[in-house]
Amino acid sequence: MSKEAAQAAKAQGNKYFVEKNYDMAIKFFTEAIEHDPSDHIFFSNRSACYNNLQKYEEAVADANECVKLNPSFAKGYARLGMALFQKGEKFEAYEAYEKGMKLDPSNPQLVQGMNQVQTAIQAEIAAMQGGGMPGGMPGGMPFGGMPGGMPGGMPGGMPGGMPGGMPGGMPGGAGPGGMPGGMPGGMPGGAGPGGMPDANQAQQLMAKLMNDPRTSKYFGDPDFVQKLQGLAGNPMQLMTLMQTDPRFAEVFQVLTGMSMADMHEAGEKAKAGKEQADLKRKEEQAKREEELRRKEEEQKLQKMTPEEKADFDLLTKANEEKAKGNTAYKNKNFQDAKAFYQNAIDIFPKEPIFYLNLAAVFLELKEFDTCLEKCDEALKVCNENKGEDTFSKMAKAYARKGNCYMVQKKYDDAIEMYNKSLLEFKDEKVKLSMKEAQKIKKKEEELAYINPEISEEHKGKANTLYREGNYPAALKEYDEAIKRNPSNPILFNNRGLCYSKLMEFNEALKDVEKAIDMDPKFVKAWAKKGNIHMVRKEYHKALEAYDKGLKLDPDHEECKQGKAKTFAAINMGAGDHDQERAAKAMSDPEIQVILKDPRIHQVLKDFQENPKAAQQALSDPDIAQSIQKLIAAGVLKTGQNNIYKTILIFYGIIFVFVI
């Protein structure tokens, strides 16, 4: 990982983005991600590029990765909302914008995007009704601008008017962003900014809900009424409620005359229509590009000298043979492909691609020497006929040689050719091929280096040096022993001892855990693991390691002594609170799971309010073990004085209970 290289690539990507050269911008943002895949900004920027290129699937994927890396990055949700909206997934886009606006309510991208989504959703709903809601549905959001009391004695008027129109947020009034007048078919604009309905309209809506048997029965439930009132502050929340509370789907149906199924059907129709429109637009774009290419070709022909015109005619004929060769190659008819590519070369020998295609055929036929010869011929043609795409063609020639060497398992030669290719032209596929070659080469070298007999010699030297107290030298010998025999768990355990003596406990722990992974019944490794956790004051982990060792060998002396020392250390520090140790334990996933257990919270509460119930709860082995782990980890502390009290320190708060 190179953050400097990543930032340099990002700067280049930003430059091309400003120039609206999105393909090049993507190339550099991708390079930045390769250098530092933990930076959410790179994914955000590349998502914007994909969105501008109308590659919405890629845009959504990058935006999702962006907010996954940094959930507090509001702009990432703006990227995600826009990409989802362009894909036609309006409700998902709404949810993305909603999450972003919780982080940054004034962000102009989020505000504009949310308004766009709301307008689109409302337009979709209106379209389902033939341009208007049945019964003259007011443009303001239902429940907005409620008077002081609901019909039927409902207490407490709902504050404020709801901006945005019907569910989905279609602006209904003549205010900013509102729809002036009324939509055809009986969708009158409400009064005031954003289409807020007046008191009479609000009362009519509420009366409609209270009088309809499908919804009237819910008004006796305070939870329903509270949610209904909550819509006053956030009308678009109705969409979420419809998905989580079936009653509000009925509310929507009573007010609009349509069901969720109707909305889904309309959404599918709209999506299909958009896909057809996109397809038509792409076809038209392709026609325009083809027409532009044809005109450019005509202009180019007009400027050609007779010699250049003759070459152009020959190249055209040669390309016809090449096309036949490509078809044969795809059908794995390699003999025919070879003949067609050779015809192309014979007609126009100045084009390197013909040689490279022929080389690909020889590679398939496993005629490796001939494949390499054709690649060299292509390179020679490139040098003799310089053009604007010469470097990319030379890069392809070197890459093809690299592929040929890879098939032959000549990894050094393959890596050399891939490097040469990348010097001519940066290509992600070639870069991946080179990494694969390097990976395979390293693995082959490691396998070739394995020799258990030589490993034992190095182990013997290491053991002697360890006993003499020369730990750095012993460490080097254990390193060599492991390289010679990486499947021997004893070597990892012994090297872990060396690291412990050198106070490098993180490395020591990695080695003994590696030994345990290789041999779960390796009792000595369990003992060493316990010792390391003991030194790091991770007493709960130390006890767990010793217990696992004793389960395998109940008489193992080192495990028994280690466990006794750990309990002594816990009891010795019982009256003190080691904040650093407790904070470290709080970051342990196992401790976090215990702390989130509602049973544990109840036991701690019972210690304060109902000690008898707490003592009974401790009769459960799982709960007792969890409490013991919290005490061992330092999250809970117990201490005694002359009146025998128990002190529990939990999340930095001291609770004193008399038992």
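Model, not experiment: these values are computed from the prediction.

**Considering the overall build of the chain**
Scanning the chain for helices and strands turns up 32 helices and 4 strands. Every one of the 659 residues in the chain was classed for burial, and the buried ones make up 43%. Restricting the contact set of the chain to residue pairs at least 6 apart, pairs at least 24 apart contribute 55%. On the chain, roughly 35,100 Å² of surface is accessible, and the fraction owed to carbon and sulfur atoms is 53%.

**Things to note about the layout of surface pockets**
In this structure, the largest pocket encloses a volume near 960 Å³. Sorting the residues of the lining of the largest pocket by element identifies α13 (260-303), α14 (306-330), α16 (352-364) and α18 (390-407) as the ones contributing at least two each. The element contributing the most residues to the lining of the largest pocket is α14, with 7 residues. Of the residues assigned to the lining of the largest pocket, the class counts are 8 nonpolar, 5 polar and 13 charged.

**Describing the packing of aromatic side chains**
Counted under the stated rule, the structure contains 7 aromatic pairs. Residues Tyr-16 and Phe-28 carry aromatic rings whose centres are separated by 5.6 Å and whose planes lie at 10° to one another, so their mutual orientation is stacked. Here Tyr-16 is found in helix α1 (residues 3-18), whereas its partner Phe-28 is found in helix α2 (residues 22-35), with 12 residues between them in sequence. There is no split in this pair, since Tyr-16 and Phe-28 are both buried. Relative to Phe-224, the ring of Phe-219 lies with its centre 5.5 Å away and its plane at 75°, an arrangement referred to as edge-to-face. On the basis of relative accessible area, Phe-224 is assigned to the buried category, the value being 0%. Aromatic ring contacts, followed pair by pair, group Tyr-218, Phe-219, Phe-224 and Phe-248 into a single cluster. The lysine or arginine in question, Lys-15, covers the ring of Tyr-16, its NZ or CZ lying 4.5 Å from the ring centre. Over the ring of Phe-492 we find Lys-514; its NZ or CZ atom is 6.0 Å from the centre of that ring.

**Regarding the environment of Val-635**
When you line up the elements, Val-635 lands in the loop between α32 (621-633) and β3 (645-650). Given the relative accessible area of 3%, Val-635 is considered buried.

**So, the confidence of the model for the chain**
Looking at the chain, the pLDDT average stands at 80 and 79% of residues meet or exceed 70. Overall, residues 640-659 carries pLDDT values under 50, and its contacts beyond four positions in sequence, including any with other chains, amount to 46 contacts.

**Section: the pattern of salt bridges**
If you walk through the whole model with that rule in mind, you get 37 salt bridges. As a salt-bridge pair, Glu-34 and Lys-431 come within 3.3 Å of each other at their nearest N and O atoms. In this pair, Glu-34 is assigned in helix α2 and Lys-431 in helix α20 (residues 428-449), connecting sequence segments 397 residues apart. Its relative accessible area of 35% is what places Glu-34 among the partly exposed residues. The shortest N-O distance in the salt bridge between Asp-479 and Arg-495 comes to 2.8 Å. You can see Asp-479 sitting in helix α22 (residues 471-484) and its partner Arg-495 sitting in helix α23 (residues 489-501), a full 16 residues away along the chain. Accessibility expressed as a relative area gives 25% for Asp-479, which makes it partly exposed. With relative accessibility at 14%, the residue Arg-495 sits in the buried group. One salt-bridge network, held together by shared partners, links Asp-221, Asp-223, Lys-227, Asp-245 and Arg-247.

**Here's the deal with the side chain of Thr-215**
Structurally, Thr-215 can be placed in helix α9 (residues 213-216). A polar side-chain atom of Thr-215 sits 2.5 Å from the main-chain carbonyl oxygen of Leu-209. What Thr-215 contacts, discounting residues up to four positions off in sequence, is Leu-209, Glu-250, Val-251 and Val-254.

**Remarks on the nonpolar core**
Core analysis: the biggest nonpolar cluster contains 41 residues, and Phe-354, Leu-356, Cys-371, Cys-404, Met-406 and Tyr-418 have the highest contact counts within it. Going through the elements one at a time, α14, α15 (334-347), α16, α17 (368-384), α18, α19 (411-424) and α20 are the ones with two or more residues in this core. Broken down by element, this core gets its largest block of residues, 9 residues, from α16. For Met-406, the contacting residues outside a window of four places in its chain are Tyr-411, Ala-414, Tyr-418, Glu-436, Ala-437 and Ile-440. Formed by 28 residues, the second largest nonpolar core is a distinct cluster that contains Tyr-22, Ala-63, Leu-80 and Met-114.

**Describing unusual backbone geometry**
The phi angle at Lys-366 is positive, at roughly 60°, despite the residue not being glycine. With respect to the element layout, Lys-366 can be found in the loop between α16 and α17. A positive phi angle, close to 65°, is found at Lys-409, a residue other than glycine. Assignment of secondary structure puts Lys-409 in the loop between α18 and α19.

**Some details on the side chain of Lys-393**
Position of Lys-393 relative to the elements: it lies in helix α18. Residue Lys-393 is classed as buried on the basis of its relative accessible area, which comes to 12%. Contact partners of Lys-393, with chain neighbours within four places excluded, come to Glu-351, Pro-352, Ile-353, Leu-356 and Cys-382.

**Some thoughts on the packing of helix α30 (residues 598-609) against α32**
Where α30 contacts α32, the axes come no closer than 11 Å and their chain directions differ by 75°. Viewed along their axes, α30 and α32 adopt a mutual orientation that is roughly perpendicular. The residues of α32 that touch α30, namely those facing Arg-599, Ile-600 and Val-603, are Ile-623, Ser-626, Ile-627 and Leu-630. Broken down by class, the residue content of the contact of α30 with α32 amounts to 5 nonpolar, 1 polar and 1 charged.

**Some words on α20**
Along its 22 residues, α20 runs 32 Å from first to last C-alpha, staying within 8% of the 32 Å computed at 1.5 Å per residue. All of the buried residues along α20 are Val-430, Lys-431, Met-434 and Ala-437. Looking straight down α20, one finds that the buried residues subtend no more than 120° of arc, so they occupy a single side. Pointing more than 90 degrees away from the buried face of α20 are the exposed residues Lys-429, Leu-432, Lys-439, Lys-443 and Leu-447. On its buried face, α20 is in contact with α2, α18 and α19. The opening residue of α20, the one whose side-chain oxygen lies 2.9 Å from the backbone nitrogen of Lys-429, is Asp-427.

**Here we look at the state of the cysteines**
Enumeration according to the criterion identifies 0 disulfides in this entry. Not engaged in a disulfide, the cysteine Cys-404 finds its nearest cysteine sulfur in Cys-371; these two sulfurs lie 3.9 Å apart.

**Considering α22**
An α-helical segment advances 3.6 residues per turn. Residues three or four places apart therefore align on the same side. With 14 residues, α22 should reach 20 Å at 1.5 Å per residue; the first-to-last C-alpha distance of 20 Å fits that figure. Taken residue by residue, α22 has Ala-474, Leu-475, Glu-477, Tyr-478, Glu-480, Ala-481, Ile-482 and Arg-484 as its buried positions. Of the surrounding elements, those touching the buried residues of α22 are α20, α21 (452-467) and α23.

**Section: the environment of Ala-564**
Note that Ala-564 resides in helix α27 (residues 557-572). For Ala-564, a relative accessible area of 47% gives the class partly exposed. Sequence separation of Ala-564 and Tyr-546 is 18 residues, and the distance between their C-alpha atoms is 9.8 Å.

What counts and how
Residues numbered from 1 in each chain as written. Predicted model: local features only at pLDDT ≥ 70, side-chain atom pairs only at ≥ 80, totals over all residues. Heavy atoms only, no water. Helix = DSSP H or I, 4+ residues; strand = E, 2+ residues; numbered from the N terminus. Buried < 20%, exposed > 50% of the residue type's maximum accessible area, 1.4 Å probe, protein only. Contact = heavy atoms within 4.5 Å. Areas by Shrake-Rupley, 256 points an atom, 1.4 Å probe, with all protein chains shown as cover. 1 Å grid on protein atoms, 1.4 Å probe; cavity = no way out; pocket = protein on both sides within 12 Å on 5 of 7 lines; lining within 4 Å. Points joined across faces, edges and corners; volume = space filled by probe spheres on them. Nonpolar A, V, L, I, M, F, W, Y, C, P; charged D, E, K, R; others polar. Phe/Tyr/Trp six-rings, centres within 6.5 Å; stacked < 30°, edge-to-face > 60°. Lys NZ or Arg CZ within 6 Å of the ring centre and 35° of its normal. pLDDT = per-residue confidence, 0-100. Salt bridge = Lys/Arg side-chain N within 4 Å of Asp/Glu carboxyl O. Polar contact = N/O pair within 3.5 Å; in protein donor to acceptor, adjacent residues only side chain to side chain. Core = buried A, V, L, I, M, F, W, Y, C linked by side-chain atoms within 4.5 Å. Axes fitted to C-alpha atoms, helices over the stretch in contact; angles between N-to-C directions. Parallel < 35°, antiparallel > 145°, perpendicular 65-115°, else oblique. Expected span 1.5 Å × (residues − 1). Arc of directions from axis to C-beta. Disulfide = S-S within 2.5 Å.

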